[in-house]
Amino acid sequence: MRSVAEHQKIVSELFGPPETVRVAVADALGMATVDDAVAAFAMPAFDNSAMDGYAVRADDIAGASAAEPVRLPVVDDIPAGRTGLVTLAPGTTARIMTGAPLPDGADAVVPVELTDGDFSVDHVPDSTVGFSSGVEAGKHIRREGSDIARGDVALPAGTVLGAAQIGLLSALGLADVAVARRLRVVVLSTGSELVEPGKPLQHGQIYESNGAMLTAALTEAGALARHVHFVPDDVADFLERLDEASADADLIITSGGVSAGAYEVVKEALDAGPVEFVKVAMQPGMPQGCGHHLDPAGRRVPIITLPGNPVSSLVSFEVFIRPPLRAAMGLSPDRPRVAATLGSDIRSPEGKRQFMRGVVDESLLPGVDGRLVVEPIGPPGSHHLRYLAGANALIDIPATTTALPAGSVVNVVVL
Ligand code: AMP
Ligand code: MG
């Protein structure tokens, strides 16, 4: 049997380095940038007010007090968005709003609350305003370049774009951005027993769940996933669907039809070609396969054939596909791993690396010994989708381990 690490390496070799595409900044959520984003101008681009208030020359209101306020004529009104240069003459003030450009000559802003001005909606603007205190020069001004200087690297290459990063790129005036391309992945489920959810079920049939599950896992991993509904266990039918699916795919993932039974459609259809079927020393997920499919245009499309048992399918995806898939899109390959304390005794099959479903405190708070506690859940059977759905961690038990008592320290992948 092949070890998990060996099979991981072979699967990862199916993936190439990230490819670059330009996409609209607004569509780039979750994608990794390829270049440094350099600020073409300073931010802020001009000195502007940090407050709703009055722009002044600080000297003009020096010494103002509640007992002896200084009154200045209000000669202008500067809302945000005012373009063109405004100059403030000595001995005057201008109403100014947050984000509005500071007039030339002004060196401070006094918030309206510290004046007798009234900004209420139906109030007619005052012709003069009284200041009951002085102001330090430079106060309440956002200086040009105080956030980013022109030419600064605002976001380094390789940044995964979240909401704030998309905001920053937009603020820099960028409409599109070069990012690592999302891979297009097609999921092809096989099994004559499978029925599309929502349709009536006969005795002996089950609802098809791997297609939607793997598509969701792929989407969460950052890929563009699509699901071709199941094909029956018929080699000709399968190959026809595979050819159709490969036309616009960077990767094909099949589910089912790779184990040791009869009617193993994927194995039968591909065994003679450039796909290798192997047993991997793990539980769940022993039967695996990977290689290439030659599409009708003669293009070599990577293909990974997962076992059909739902738990095996998703665990195999986590162990073999998710890390290199993400790396090929410039994203961090690995989920967080932590050392955790086992909450109960466990047993594990000899010679197989086991990925047990487990539950850790969602807040990731440590237990008594300062470590996170992980509680194994559900029996080992690969059909127990319910326990997979209840798990938020995989407990990674080495192939050489056959039993561990509660309290042992184990390696846990936090999902
Ligand atoms: P197979 O790998 O095709 O031998 O399937 C192993 C087990 O997984 C069988 O019990 C199948 O019915 C089940 N199975 C296979 N494919 C799916 C699927 N797409 N959705 C739900 N269960 C499946
Ligand atoms: Mg099957």
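An unreviewed UniProt entry annotates the protein chain as Molybdopterin molybdenumtransferase of Gordonia jacobaea. Per UniProt, the comment on the protein chain under Pathway (unreviewed entry) is "Cofactor biosynthesis; molybdopterin biosynthesis." According to the UniProt record, the Cofactor (unreviewed entry) comment for the protein chain is "Mg(2+)".

Trainee: Let's hear about the site of ligand 1: which residues, and what values?
Mentor: Around ligand 1, the surrounding shell holds 17 residues, and the nearest of these are Glu193, Glu208, Ser209, Gly257 and Gly308. The side chain of Glu208 places a nitrogen or oxygen atom 2.7 Å from a nitrogen atom of ligand 1. Taking Gly308, its main chain carries an N or O atom lying 2.9 Å from an oxygen atom of ligand 1. For ligand 1, whose unbound accessible area comes to 480 Å², protein coverage reaches 78%. Residues that form the shell around ligand 1 fall into these classes: four nonpolar, ten polar and three charged.

Trainee: Go over the sheet that holds strand β15 (residues 224–231) with me, naming the residues and quoting the values.
Mentor: Strands sit in the order β15-β12-β16-β20-β19-β17 across an open sheet of six strands; the sheet is mixed. Two strands in the sheet have a free side with no partner beyond their single neighbour: β15 and β17 (275–279). Mean inter-strand twist for the sheet, computed between neighbouring axes without regard to direction, equals 15°. Of the strands in this sheet, β12 (184–190), β15, β16 (251–255), β19 (287–294) and β20 (300–306) are in contact with helix α4 (residues 235–246), which crosses β15 at around 165°.

Trainee: So what's going on with α4? Residues and values would help.
Mentor: Taking 1.5 Å of rise per residue, twelve residues should cover 16 Å, and α4 covers 16 Å from first to last C-alpha, within 8% of that figure. Among the residues making up α4, those that are buried are Phe238, Leu242, Ala245 and Ser246. Looking straight down α4, one finds its buried side chains confined to an arc of 90°; they lie on one side. Opposite the packed face of α4, turned more than 90 degrees from it, sit the exposed residues Ala236, Glu240 and Glu244. Structurally, α4 contributes buried residues whose contacts are with β12, β15, β16, α5 (265–270), β19 and β20. You can read the cap of α4 off the contacts: a side-chain oxygen lies 3.3 Å from the backbone nitrogen of Ala236, and it is on Asp234.

Trainee: Break down the packing of helix α1 (residues 4–12) against helix α6 (residues 310–327) for me, with residues and values.
Mentor: Where α1 contacts α6, the axes come no closer than 9 Å and their chain directions differ by 40°. In terms of axis orientation, α1 runs oblique to α6. You can see that α1 and α6 cross each other, and the crossing is right-handed. Residues Val4, His7, Gln8, Val11 and Ser12 of α1 pack against Val319, Phe320 and Pro324 of α6. Its residues placed into classes, the contact of α1 with α6 shows five nonpolar, three polar and no charged.

Trainee: Requested: an account of the environment of Gly285, with residues and values cited.
Mentor: Along the chain, Gly285 falls in the loop between β18 (282–283) and β19. Exposure remark for Gly285: the relative accessible area of 4% places this residue in the buried category. C-alpha of Gly285 to C-alpha of Gln354: the two residues are 69 residues apart in sequence and 9.4 Å apart in space. With sequence-adjacent residues up to four places away left out, Gly285 is seen in contact with Pro307, Ser312 and Ser316.

Trainee: Lay out the UniProt feature "domain: MoaB/Mog" (unreviewed entry) in the protein chain with the relevant residues and their values.
Mentor: In the UniProt entry, the feature "domain: MoaB/Mog" (unreviewed entry) is given for residues 186–327. Annotated as 33% helix and 31% strand, the span residues 186–327 places its first and last C-alpha atoms 18 Å apart.

Trainee: Can you break down the pattern of salt bridges residue by residue, with the values?
Mentor: Evaluated as defined, the whole model comprises 18 salt bridges. Between Glu13 and Lys9 there is a salt bridge whose closest N-O contact spans 2.9 Å. Here Lys9 falls in the exposed class, since its relative accessible area comes to 52%. For the salt bridge of Asp176 with Arg22, the shortest nitrogen-to-oxygen distance reads 3.1 Å. Separated by 154 residues along the polypeptide, Asp176 in strand β11 (residues 176–180) and Arg22 in strand β1 (residues 20–24) bring together distant segments of the chain. Classification of Arg22 as exposed rests on a relative accessible area of 56%. Taken together, the salt bridges that share partners define one network made up of Glu19, Arg181, Arg184 and Asp250.

Basis of the calculations
- Residues numbered from 1 in each chain as written.
- Chains lettered and ligands numbered in written order.
- Predicted model: local features only at pLDDT ≥ 70, side-chain atom pairs only at ≥ 80, totals over all residues.
- Heavy atoms only, no water.
- UniProt positions renumbered as here; feature names shortened; annotations may be inferred.
- Near = heavy atom within 4 Å.
- Polar contact = N/O pair within 3.5 Å; in protein donor to acceptor, adjacent residues only side chain to side chain.
- Areas by Shrake-Rupley, 256 points an atom, 1.4 Å probe, with all protein chains shown as cover.
- Nonpolar A, V, L, I, M, F, W, Y, C, P; charged D, E, K, R; others polar.
- Pairing = 2+ DSSP bridges.
- Helix = DSSP H or I, 4+ residues; strand = E, 2+ residues; numbered from the N terminus.
- Axes fitted to C-alpha atoms, helices over the stretch in contact; angles between N-to-C directions.
- Contact = heavy atoms within 4.5 Å.
- Expected span 1.5 Å × (residues − 1).
- Buried < 20%, exposed > 50% of the residue type's maximum accessible area, 1.4 Å probe, protein only.
- Arc of directions from axis to C-beta.
- Parallel < 35°, antiparallel > 145°, perpendicular 65-115°, else oblique.
- Left-handed = near helix turned anticlockwise from the far one by under 90°.
- Salt bridge = Lys/Arg side-chain N within 4 Å of Asp/Glu carboxyl O.

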